[in-house]
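Spelled out, the chains give:
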Amino acid sequence: MYLYEPGNDEGSVEFLKIMFRLENWRHFDYWLFGTATILSIFGIIMIRSAVAGSIELAGYANRQTMFVVAGLVVVLATAVLDYHFLGNMARAMYIFAVVSLIVIYIYGQASFGSARWLDTGVFFIQPSELVKIIMVIVLSDYFSRSQLEKHDLMWIGKSAALTFGVVIWILLQPNLSTSIVITVLWISMLWISGLPPKYIALFIVLGIVLGLILFPFLESYQQLRIINFLFPDPNSRHGNSYNVEQALISIGSGGWFGMGYGHGTQVQLRFLKVRHTDFIFSAMAEEFGFVGTVLVISLLVFVIYRCFRVAREAQDQFGALIAYGVGVLLAFQTSVNIGVNLNVIPVTGLVLPFISYGGSSLLSTVLAIGLVESVALRRKPLDF
Amino acid sequence: MNNTSPLEHFENWRFFAVLGAVGLVFIFFMIRLFSLQIINGQSFVDQADENRIKNVSEPTQRGIITDRNGFVLARNEPSYNVVITPAYLPTDDGAVQEIYRGLSKLIDIPVSKGEINDESVKSFKYCDNDFGITQIVYIGDTNAPYTPVQVKCNIDEKTAKIIEAKKSDWPGVDIEIQPVREYPTGSLTSEIIGFLGPIPAALEETLKTQGFVPGRDKYGYAGVENYMNDLLTGKNGQRTVEVDVAGKEIRNITKPIDPVPGKNLKLTIDVRLQNAAKTAMVSEINFWNTYLNKIRSSNGVTIAMNPKTGEILALVSYPTYENNRMARFIPAYYYNQLSNDPNRPLFNHAISAEHPPGSVFKMATAIGALNEGVIDPNKELEDKGKITIVQKFTENETGTPRDFVCYDRNGHGMVNFLRGVALSCDVYFYKIGGGYQNEVPQGLGIWRIGEYARALGYGSISGIELPGEAEGLIPDPTWKRINIGENWSTGDTYIGTIGQGYVLATPLQVLESAATIANDGKLMQPTIIREVTDSAGNVVTPFTPKMRWDITVDPKIRVFDENNIPTGEMKTVAPWTIKLAKEGMEQAVINGTATKEFAGDEALKVAGKTGTAEYCDNIAQAANLCQPENWPSHAWFMSYAPYDDPEIAVMAFVYNGGEGASVAAPIARRIIDAYFELKAIDTAANVER
């Protein structure tokens, strides 16, 4: 079925030929790639403004520029790679993911109690970021293969086992937000693959019960965040609600057109905290105002829309699920981050895709876009 | 997979449900964003401004206080504090440690000491803590890294210079110069000058609106520092600046308003005379305490004034306090010690203490009796040592006989007005004050005594520029009924005539009465402020003597009918009565109660009046001093000189001092002597110039 088979040199040559056939690039989603590029460049611009005046953050904009350049290469490289090849690798990747998470967990336990970062010698990476992408492939693979199976509890249970096989280690890091992202990804896949309605009610009940049971097991700072969100203390100026409060002030003071690039007082005078990562949305809202922010949100929504569009046009179920999964991933992360900034959900550590500073998160984002492009390149042309 | 076309991998409704959910979330975000940025935008802009805009108060300079000759009594001295701005310290920990070690040797504060925890941080006070440099800087760093932290306060100038020189090697370390109030004359003038303290809580709100900073700016707590606080204090400058999150100033937002320095004050006090007065007071009290071999008195007042202008030349309230000890902060132990002292050093006895004035009060009775025609000054009344009158509380009562004795139990024999004043003959004054049989058919009476006392300054505050002045008390039947709940008795009048009983006066009022007589009935407004100048030395308010009233011109005396009801008429005091009163006071020195004390000083032409006021207050009762017929007494003396053209009026008072003549008069004499000596010195100096 697949062109590439290990040891089949003839096949690999054929594969490369097909790869670089010019007419295939017709299917490349230039709109998606272009918008992602614009958003990433805008991210660099925004980070430059956000870190201005801070000595310890100096140079972050230049590093992000490197990440973006590398990221665009990654998009193209991933696009070139046939996603079916990744499908074959799904099992290996899954094992790699679980092993690296266990290593990180043990390493973390041995050193200072918590670790999300893996020192590769050259740079630090966050394996959990990579695991998100791996899970898109693994779950797409599972659901596309089981497409014709009976959608019973067994079917759900297997996918749940796959999902929580990694989520458990991420939860133990502890990294609640990534765990939730992967769980949401799984639920969305279940949903689109035809989860029978009777189980939906079961899921809701299970979710509520699990939430109530798990709450006491959360780290105290996580509990505090949730409590602070539900019952904010109006007197705490420098307490736990300080960051969110400053974010709201930053957003609110933007008005229609913002204070101008490099002129947001909350950003430039550093009242807004973690303004280059978690709260970069607020920084943007202050400096570019309602109009600018709506424009950026529209671009993000457009990227998500393009992913879903690719999903609809994909060559096969596997590709469709990959593009759909990436769309859900981006939509969920974007809305959680913006929701935190707008103070409609509790603070989590999720960053804004494309725009927030960070090599690992950008890497996972561009890998995701690359996967979608890979699916797009091999889609069934609508115009034949 | 029932309703999917070959191209559609998903069930349409499931796919569009996801799309719809995503769409709804983002639409909700847009609405939320619109609400935050457009609808409620202004309130967030305000909050952002509140974050970044700070009003910085630039401290002003408090005015300087000098005596009448320009001798400085209160000034601002630089005090050197070692400060560290945490944000400017080197980033290298080793370099920081090196700075701390070097600094530690110079200022004698350990590099590291004490434990940082919730409790120790809560009770932390700059300049007054047990921490090491590391801990102090740590606390400052967590609060505001760009604000200098006071590591050690009030170091000597030499150490300050050394640290100043090392500043370039020690980034972050600096010397802060803070003005601290200094009183070169200290306790010599503290009862006049007062002292400063933190802005009191009750005034915090008011002063804040005037731009003062509680915790930094000071407020006058006593004396001129308190009374003239508004003039002395000036106005703080104001800058509106933009700050970043660390509190670092970025720029001025509006044009800065420069501070306006406080006005300078030139007092009427002559510090040399003040010194002489205090020395006279202290040595006289010590003399008697040594002589009697027990602490009889430890509290006294003496005031010297120019009777023609009202200028207070010296004002001693003994004991007082050392105001320099309260310059930086008010030490609790010292303040408690002062508050618990039975002699009340924080209390200005010269203006706030109310005592029975005794015989000095007789001058009010004397002028009244002459002016009202109660007695012909030449008529002689007999003093047999005592008189017996019938004590009545109501007119129709039978009454009980009561003896009123003269301080000289043998009596003074036949006494006319001048002898009566000169000898301070009690019986003479009983008779003219209360009336006696056929000799004086109708006495002056308590209502009219009150009128003349008030005309001489008793019974009301003078308005001197010092806080806490007391009114004294001129009793009358109405007052007694309200406050004691008893009818006025005939005896009350007799005893009131000689300044005993219910009569109370402040030392300043006694001086005012003497000065009014010396000044032929013109009561001058007592003042201690000679000039107000601005910081450049220009006179803002030049000195102009103020007259409160002239009793020979201004009708200050209410006329009463036979039932002691005011008729509504007012009258003046005839000048001849004052002239006779002055003659009486001359006689008291020439040939009367104070002759011995002024022997050898005849050339200075001193006129005076002694007073020995019996009292029985709570302190005397506690000491079991109130024995019948032998009550303890305050020593009073009031005088002026020269009697033909008075330049100085002096009063002296010693609490539980005993006899006015022997205890109080010598104090006044030494002040008058000093005054004329100083005058001679000044004249000679002026001639040389």
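Each value, and the rule that gives it
Residues numbered from 1 in each chain as written. Chains lettered and ligands numbered in written order. Predicted model: local features only at pLDDT ≥ 70, side-chain atom pairs only at ≥ 80, totals over all residues. Heavy atoms only, no water. Patch = residues over 30% accessible without salt bridge, like charges linked within 9 Å, V, L, I, M, F, W, Y side chains within 5 Å. Areas by Shrake-Rupley, 256 points an atom, 1.4 Å probe, with all protein chains shown as cover. Salt bridge = Lys/Arg side-chain N within 4 Å of Asp/Glu carboxyl O. Helix = DSSP H or I, 4+ residues; strand = E, 2+ residues; numbered from the N terminus. Buried < 20%, exposed > 50% of the residue type's maximum accessible area, 1.4 Å probe, protein only. Pairing = 2+ DSSP bridges. Axes fitted to C-alpha atoms, helices over the stretch in contact; angles between N-to-C directions. UniProt positions renumbered as here; feature names shortened; annotations may be inferred. Contact = heavy atoms within 4.5 Å. Phe/Tyr/Trp six-rings, centres within 6.5 Å; stacked < 30°, edge-to-face > 60°. Buried area = accessible area lost by both parts, 1.4 Å probe. Nonpolar A, V, L, I, M, F, W, Y, C, P; charged D, E, K, R; others polar. Core = buried A, V, L, I, M, F, W, Y, C linked by side-chain atoms within 4.5 Å. 1 Å grid on protein atoms, 1.4 Å probe; cavity = no way out; pocket = protein on both sides within 12 Å on 5 of 7 lines; lining within 4 Å. Points joined across faces, edges and corners; volume = space filled by probe spheres on them. Disulfide = S-S within 2.5 Å. Domains from an automatic or database assignment. Polar contact = N/O pair within 3.5 Å; in protein donor to acceptor, adjacent residues only side chain to side chain. pLDDT = per-residue confidence, 0-100.

**Quick look at a nonpolar patch on the surface**
Residue and element names in this part refer to chain A. Together, Val205, Val209, Leu210, Ile213, Leu214 and Phe217 make up an exposed nonpolar region whose accessible area comes to about 590 Å². Considering the arrangement of structural elements, one finds Val209 in helix H9 (residues 197-214). A relative accessible area of 42% places Val209 in the partly exposed class.

**Points about the sheet that holds strand S8 (residues 237-243) of chain B**
Residues and elements named next belong to chain B. What the 3 strands build is an open sheet, ordered S1-S8-S9; its pairing is antiparallel. Edge strands, defined here as strands with exactly one partner in the open sheet, are strand S1 (53-58) and strand S9 (249-252). Ignoring strand direction, the axes of neighbouring strands in this sheet form an average angle of 45°. In this structure, S8 lies alongside S9, joined through 3 bridges in antiparallel fashion.

**Remarks on the UniProt feature "transmembrane region" (unreviewed entry) in chain B**
According to UniProt, the positions carrying the feature "transmembrane region" (unreviewed entry) are residues 12-34 of chain B. Spanning residues 12-34 of chain B, this segment combines 100% helix with 0% strand, and its end C-alpha atoms are found 32 Å apart.

**Description of the environment of Leu89(B)**
Residue and element names in this part refer to chain B. Along the chain, Leu89 falls in the loop between strand S3 (72-84) and helix H3 (93-107). Using a relative accessible area of 12% as the deciding quantity, one classes Leu89 as buried. Setting aside chain neighbours within four positions, we find Leu89 in contact with Ile84, Val96, Ile99, Tyr100, Val137, Pro171 and Gly172.

**A word on the side chain of Thr233(B)**
Checked against the element boundaries, Thr233(B) lands in helix H10 (residues 229-233). Setting aside residues up to four positions removed in sequence, Thr233(B) forms contacts with Thr60(B), Gln61(B), Arg62(B), Phe212(B) and Gly262(B).

**Here we look at the packing of aromatic side chains**
All names here are of chain B. Taken as a whole, this structure holds 41 aromatic pairs over all chains when the rule is applied. Measuring from centroid to centroid gives 5.4 Å for Phe195 and Tyr321, while their planes differ by 80°, and the two rings are edge-to-face. With a gap of 126 residues between them, Phe195 in the loop between helix H7 (190-193) and strand S6 (196-198) and Tyr321 in the loop between strand S12 (312-318) and helix H12 (332-340) connect regions that are remote in the sequence. Take Phe195 and Tyr321: they sit in the same class, and that class is buried. An angle of 55° between the planes, with centres 5.3 Å apart, marks the rings of Tyr615 and Tyr655 as tilted. With a gap of 40 residues between them, Tyr615 in the loop between strand S23 (607-614) and helix H22 (618-622) and Tyr655 in the loop between strand S25 (648-654) and helix H23 (660-688) connect regions that are remote in the sequence.

**Things to note about the interface of chain B and chain A**
Facing 40 residues of chain B, the contacting portion of chain A comprises 55 residues. Together, the buried faces of chain B and chain A total about 4,100 Å²; carbon and sulfur atoms form 72% of this surface. Taken together, the elements giving at least two residues each to the side of chain B that touches chain A come down to helix H1 (12-39), helix H2 (41-52) and S8 of chain B. Top contributing element to the side of chain B that touches chain A by residue count: H1(B), with 20 residues. Here the side of chain B that touches chain A is built from residues that sort into 27 nonpolar, 6 polar and 7 charged.

**As for the pattern of salt bridges**
With the rule as written, the count across this model stands at 43 salt bridges over all chains. A salt bridge links Arg145(A) to Asp141(A); the shortest N-O distance between them is 2.9 Å. With a gap of 4 residues between them, Arg145(A) and Asp141(A) both fall in helix H6 (residues 127-145), about one helical turn apart. For Arg145(A), a relative accessible area of 59% corresponds to the exposed category. A salt bridge links Glu372(B) to Lys571(B); the nearest nitrogen and oxygen atoms lie 3.0 Å apart. Taken together, the positions of Glu372(B) in the loop between helix H14 (362-371) and strand S13 (381-383) and Lys571(B) in strand S22 (residues 566-571) put the pair 199 residues apart, joining distant regions of the chain. Note on Glu372(B): relative accessible area 18%, which makes it buried. What makes Lys571(B) partly exposed here is its relative accessible area of 26%. Because the salt bridges share partners, they merge into one network encompassing Asp49(B), Arg52(B), Glu242(B) and Arg251(B).

**Some words on the nonpolar core**
What tends to happen in soluble globular proteins is that the nonpolar side chains get buried as a cluster. Core analysis: the largest hydrophobic core is formed by 118 residues, its most contacted members being Met135(A), Phe143(A), Val166(A), Phe281(A), Tyr324(A) and Ile355(A). It is helix H13 (residues 280-313) of chain A that provides the largest number of residues to this core, a total of 16 residues. Setting aside its immediate chain neighbours within four residues, Met135(A) contacts Tyr94(A), Ser140(A), Leu162(A), Thr163(A), Val166(A), Ile182(A) and Leu185(A). Listed in part, the 98 residues of the second largest apolar core include Val301(B), Cys406(B), Ile474(B) and Tyr640(B).

**So, empty space enclosed by the protein**
All names here are of chain A. According to the stated counting rule, one finds 5 cavities of 30 Å³ or more in the structure shown. Taken as a whole, the largest cavity spans an internal volume of roughly 60 Å³. Those elements that place two or more of their residues in the lining of the largest cavity are helix H2 (30-51), helix H3 (60-80) and helix H15 (359-377). Looking at side-chain class alone, the lining of the largest cavity contains 9 nonpolar, 3 polar and no charged residues.

**Some details on the environment of Ser639(B)**
Residue and element names in this part refer to chain B. Examined against the element boundaries, Ser639 turns out to sit in strand S24 (residues 633-641). Taking relative accessible area as the criterion, Ser639 reaches 0% and is therefore assigned buried. In this structure, the C-alpha to C-alpha distance between Ser639 and Ala668, residues 29 residues apart in sequence, is 7.4 Å. Dropping the residues within four chain positions of it, Ser639 is found in contact with Ala514, Val606, Ala607, Gly608, Ile648, Ala649, Val650, Ala668 and Ile672.

**As for the state of the cysteines**
All names here are of chain B. Under the definition given, this model contains 1 disulfide over all chains. Two residues, Cys616 and Cys626, share a disulfide whose sulfurs are 2.1 Å apart. Handedness of the Cys616-Cys626 disulfide follows from its S-S torsion of about 115°: it is right-handed. Of this pair, Cys616 sits in the loop between S23 and H22 while Cys626 sits in the loop between H22 and S24; the two residues are 10 residues apart in sequence, bridging distant segments of the chain. As a non-bridged cysteine, Cys406 has Cys425 as the owner of its nearest cysteine sulfur, 4.5 Å distant.

**Some remarks on the domain arrangement of chain B**
Residues and elements named next belong to chain B. Once the domains are mapped, chain B shows domain 1 (55-266) and domain 2 (271-688). Each of domain 1 and domain 2 has a C-alpha centre, and these two points are 47 Å apart. Interface of domain 1 and domain 2: buried area, both sides summed, is about 3,100 Å²; carbon and sulfur atoms make up 57% of it. Summed over the three residues of domain 1 that lose the most area to domain 2, namely Glu191, Phe195 and Lys266, the buried surface amounts to 21% of that side. In this structure, the connection of domain 1 to domain 2 is made through 2 salt bridges. Between Lys278 and Glu191 there is a salt bridge, with its nearest N and O atoms 2.9 Å apart. Joining domain 1 to domain 2, the criterion identifies 17 residue pairs in polar contact (both at pLDDT 80 or more). If you list the elements that add at least two residues to the side of domain 1 that touches domain 2, you get S3, strand S5 (173-182), H7, S6, helix H9 (223-227) and strand S10 (264-267).

**Considering the sheet that holds S12(B)**
All names here are of chain B. Spatially, the 5 strands line up as an open sheet ordered S12-S11-S25-S24-S23, and their pairing is antiparallel. A single partner strand is all that each edge strand has here, and the edge strands are S12 and S23. Strand after strand, the sheet turns through a mean of 5° between neighbouring axes, direction not considered. Here 6 bridges tie strand S11 (residues 300-305) to S25, and the two strands are oriented antiparallel to one another. When the bridges of S25 are listed, Ile303 appears paired with Met651. Running at roughly 30° to S12, helix H11 (residues 271-291) makes contact with S11, S12 and S25 of the sheet.

**With respect to the confidence of the model for chain B**
Per-residue pLDDT for chain B has a mean of 90; in total, 99% of the residues score no lower than 70. Counting interchain partners and residues more than four positions distant, the pLDDT-below-50 stretch residues 1-6 of chain B has 9 contacts.

**Looking at unusual backbone geometry**
For the peptide bond that leads from Tyr318(B) to Pro319(B), omega is 0°, which places it in the cis range. Residue placement: Pro319(B) occurs in the loop between S12 and H12. Across the junction of Ala641(B) and Pro642(B), the peptide omega takes the value -15°, indicating a cis bond. Secondary-structure assignment places Pro642(B) in the loop between S24 and S25. Of note in this structure, Val274(A) is not a glycine but carries a positive phi near 30°. Tracing the chain through its elements places Val274(A) in the loop between helix H12 (265-268) and H13. Located in the positive-phi region is Asn343(A), a residue other than glycine, with phi close to 60°. Take Asn343(A): it is sitting in the loop between helix H14 (317-341) and H15.

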